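Read off the chains here:
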Amino acid sequence: MDSSNKSKNLVKNECVQVVVRCRPMSKKELENNSKSFSGKERSTNEIIGNEFKQVVDVYPNRGVIEIQNPSDINRENPKMFTYDAVYDHRSTQQDIYDEVVRPLVSSVLEGFNCCVFAYGQTGTGKTFTMEGVRTNENLKGIIPRAFEQIWFHINRAENTNFLVTASYMEIYMEELRDLLKPNSKSLELRERENVGVFVPNLHSVLCKNVDEMLNVMNQGNKNRTVGKTNMNEHSSRSHAIFMIKIEMCDLETNKVKVGKLNLIDLAGSERQSKTGATAERLKEASKINRALSSLGNVISALAENSPHIPYRDSKLTRLLQDSLGGNSKTIMIANIGPSEYNYNETLTTLRYAHRAKTIQNKPVKNEDSQDAKLKEYQDEIARLKMMITERQKREKTLPRRKRTKKTKVLENSFDVAKSDESDGLEEVYDSDDEKECDNNLLLLADAETREAVQREKEVTQQLAQKLKELEGQFVRGGRNILDTYSERQMELEKRLEEIAERKVGSLNRKYAVDTCEYINFLV
Ligand SMILES: Nc1ncnc2c1ncn2[C@@H]1O[C@H](COP(=O)(O)OP(=O)(O)OP(=O)(O)O)[C@@H](O)[C@H]1O
């Protein structure tokens, strides 16, 4: 990208947006909470008695979370934190998506790099928030909802070609694994100027609709490392990263934009005394905690404007390099639990989340991106079309004989694959007369020339086939305007986006006031 483009595309600094979601009391917590002080002895892995009291209060209208220190007997001085948005146990998956994530995915579709990551203690609802419950429409999480928004947009974007790919990987025990190719060897991270950190050889799947993306997600989830601990029946033992790349070409201007979306479900921090982890689970926990502590260090260093940011301390922080302090628009969802039993972990999460709010990114629109595959394909398509046209012209200049009954048989042997999307080819074969001319070429006087022409035609046919395959990679926008949503729903989506933007704007104003309170709290 030249420097004039760079300055044109440079958006002003933008802070990482931080939202906190407090999950409801779990069944176990509610059951135990109903018991008063039982006086029972506490065993290492058993959670009992009064420790399930709720210590977290959520004020969605003010973007505030209060947490009460259980050792403060009078319970007079709760600690207070303000975020871009906060969600309590009543919040729905739809609320979070519409108010927080929808505007971000709109930015992806404008050509920005964007990232959503869920952070928090084990069992606080990160996977629930990101992936949700597959079998329940209302409980599906951010990832499947993002698929719907993306394809909703594509199905309406006229005059645009799209090339959409998805990849899915996990960081397990500090190793990068391709969740779509579970038997392949572990992946490496590389860094290149103008590209940033990337993963060579990561498998990516071409997607043409929501269902194909859901298949990628489900396929990857089958291969994700999950285990049981005392804190969570299905605890994620790895950090999972779902990556979507959307290349878009405006067919009027021929300009290409590239939007990238990283959807990250981190493994949760955990304490052995609570999870009861032993053997393999314990080894995993130590790697998980180490990577999360390096993430904490990166957040702190960025918040303090430190000259050295320790991105290289773990694979997770290297991967998040662009999302934290880089060129991406980023949302951190900090998940917490409400009970006293998790007070220390919850406070730690709230503190890190608050620090992350000060991290400044410089989002840049990826316009005229040189590494776009779509650009490469389009150039190749133009080249193929030109070659085919030239060949056709050349063939027409060869001497012909008049068509006879006998030669009609030959017509069936020649049928260049004709794509309805291939404008160039339509030009070449747009009338029966021309096709007849082509067939007549086979009737040239001597066998040698006939053979040469036949060979020529085969080459042209191969080129046409290649052209068809390349064009088959794209999705032409604006083809399915009435497939899944009505016009009324489109309007509703627009309104929701406006509401979300207004909400974030008013919370930002509130933040200025609350920062003073936070500084007081720190001193
Ligand atoms: N907002 C919520 N509403 C209802 N149930 C929730 C909510 N958040 C979490 N849960 C439930 O809590 C349990 C733990 O959630 P989940 O597995 O998403 O936690 P996690 O943070 O991903 O844990 P880990 O780090 O161990 O993978 C699940 O049974 C989940 O359904």
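Conventions and cut-offs
Positions within a chain are numbered from 1, following the residues in the order the chain's sequence is written. For a predicted model such as this one, the threshold for reporting local features is a pLDDT of at least 70, and the threshold for listing and counting side-chain atom pairs is 80 or more; totals across whole chains, interfaces and linings nevertheless cover every residue. Processing note: side-chain calculations cover all non-hydrogen atoms of the structure and skip hydrogens and water entirely. Fitting a line to C-alpha atoms yields each axis, with helices limited to the stretch in contact; the angle taken between N-to-C directions then spans 0 to 180 degrees. Helix and strand labels come from DSSP, where a helix needs a run of H or I of at least four residues and a strand needs a run of E of at least two; each type is numbered from the N terminus. Here is the rule for angles: anything less than 35 degrees is roughly parallel, anything more than 145 is roughly antiparallel, 65 through 115 is roughly perpendicular, and the remaining ranges are oblique. Take the far helix as your reference; a near helix turned counterclockwise from it by less than a right angle gives a left-handed crossing, and one turned clockwise gives a right-handed crossing. It only takes one pair of heavy atoms within 4.5 Å for two residues to be counted as in contact. Definition of nonpolar core: a set of buried residues of the types Ala, Val, Leu, Ile, Met, Phe, Trp, Tyr and Cys, connected through side-chain atoms within 4.5 Å. Throughout this description, buried means an accessible area under 20% of the type-specific maximum (1.4 Å probe, protein chains only), exposed means over 50%, and partly exposed covers the range between. UniProt positions are given in the numbering used here, feature names are shortened, and annotations may be inferred rather than shown by experiment. As a per-residue measure, pLDDT tells how confident the predictor is, with possible values from 0 to 100. In this text, near means that some heavy atom of the residue lies within 4 Å of the molecule or strand in question. As used in this structure description, the phrase polar contact means that two N or O atoms lie within 3.5 Å; if the pair is within protein, one of them must be able to donate a hydrogen and the other to accept it, and residues adjacent in sequence are counted only when both atoms belong to side chains. Here the Shrake-Rupley method, with its probe set to 1.4 Å, supplies the accessible areas, and only the displayed protein chains count as covering residues. Note that Gly is not counted as nonpolar here; it falls among the polar residues with everything else outside the nonpolar set of Ala, Val, Leu, Ile, Met, Phe, Trp, Tyr, Cys and Pro and the charged set of Asp, Glu, Lys and Arg.

1. Describing the packing of helix H5 (residues 142–154) against helix H6 (residues 210–223)
Point 1. The N-to-C vectors of H5 and H6 enclose an angle of 155°; their axes lie 9 Å apart at closest approach. Classed by the angle they form, the pair H5 and H6 counts as roughly antiparallel. At the point where H5 passes H6, the crossing takes the right-handed sense. Facing Ile 143, Pro 144, Phe 147, Glu 148 and Trp 151 of H5, the residues of H6 in contact are Val 210, Met 213, Leu 214 and Met 217.

2. Things to note about the nonpolar core
Point 1. Core analysis: the largest hydrophobic core is formed by 51 residues, its most contacted members being Ile 65, Tyr 83, Phe 117, Leu 295, Leu 324 and Met 332.
Point 2. A per-element tally of this core places helix H8 (residues 279–303) first, with eight residues.
Point 3. In contact with Met 332, not counting residues within four places along its chain, are Val 16, Gln 17, Val 18, Val 19, Phe 117, Tyr 119, Ile 299, Ala 353 and Ala 356.
Point 4. Counting 44 residues, the second-largest nonpolar core is a separate cluster that includes Leu 109, Val 116, Val 216 and Phe 242.

3. So, unusual backbone geometry
Point 1. Phi at Glu 174 is positive, roughly 65°, even though this residue is not glycine.
Point 2. Tracing the sequence through the fold places Glu 174 in the loop between strand S8 (160–172) and strand S9 (175–178).
Point 3. A positive phi angle, close to 55°, is found at Asn 305, a residue other than glycine.
Point 4. Its place among the elements puts Asn 305 in the loop between H8 and helix H9 (315–319).
Point 5. With a relative accessible area of 68%, Asn 305 lands in the exposed category.

4. Considering the UniProt feature "binding site: ATP" (unreviewed entry) in the protein chain
Point 1. UniProt records the feature "binding site: ATP" (unreviewed entry) for Gly 120, Gln 121, Thr 122, Gly 123, Thr 124, Gly 125, Lys 126 and Thr 127 in the present numbering.
Point 2. Looking at the secondary structure, you find Gly 125 in the loop between strand S7 (113–120) and helix H4 (126–130).
Point 3. Among the structural elements, Lys 126 can be located in helix H4.
Point 4. Looking at Lys 126, the relative accessible area reads 6%, which means it is buried.

5. What to know about the confidence of the model for the protein chain
Point 1. For the protein chain, per-residue confidence averages 79 on the pLDDT scale, and 73% of positions sit at 70 or higher.
Point 2. Contacts from residues 34–49, a stretch scored under 50 in pLDDT, to residues over four places away or in other chains number 18 contacts.
Point 3. Here residues 409–431 is a poorly scored stretch, pLDDT under 50, and it has 41 contacts once near neighbours within four places are set aside; other chains count.

6. Thoughts on the site of the ligand
Point 1. The immediate surroundings of the ligand are formed by 15 residues, with Thr 122, Lys 126, Phe 128, Ser 235 and Ser 236 found nearest.
Point 2. Note that an oxygen atom of the ligand is positioned 2.9 Å from one of the backbone N or O atoms of Gly 123.
Point 3. Gly 125 places a main-chain nitrogen or oxygen 3.0 Å from an oxygen atom of the ligand.
Point 4. With the chains in place, 74% of the 630 Å² that the ligand exposes on its own is no longer accessible.
Point 5. For the shell around the ligand, the element with the highest residue contribution is H4, accounting for three residues.
Point 6. The residue makeup of the shell around the ligand, split by class, is two nonpolar, 10 polar and three charged.

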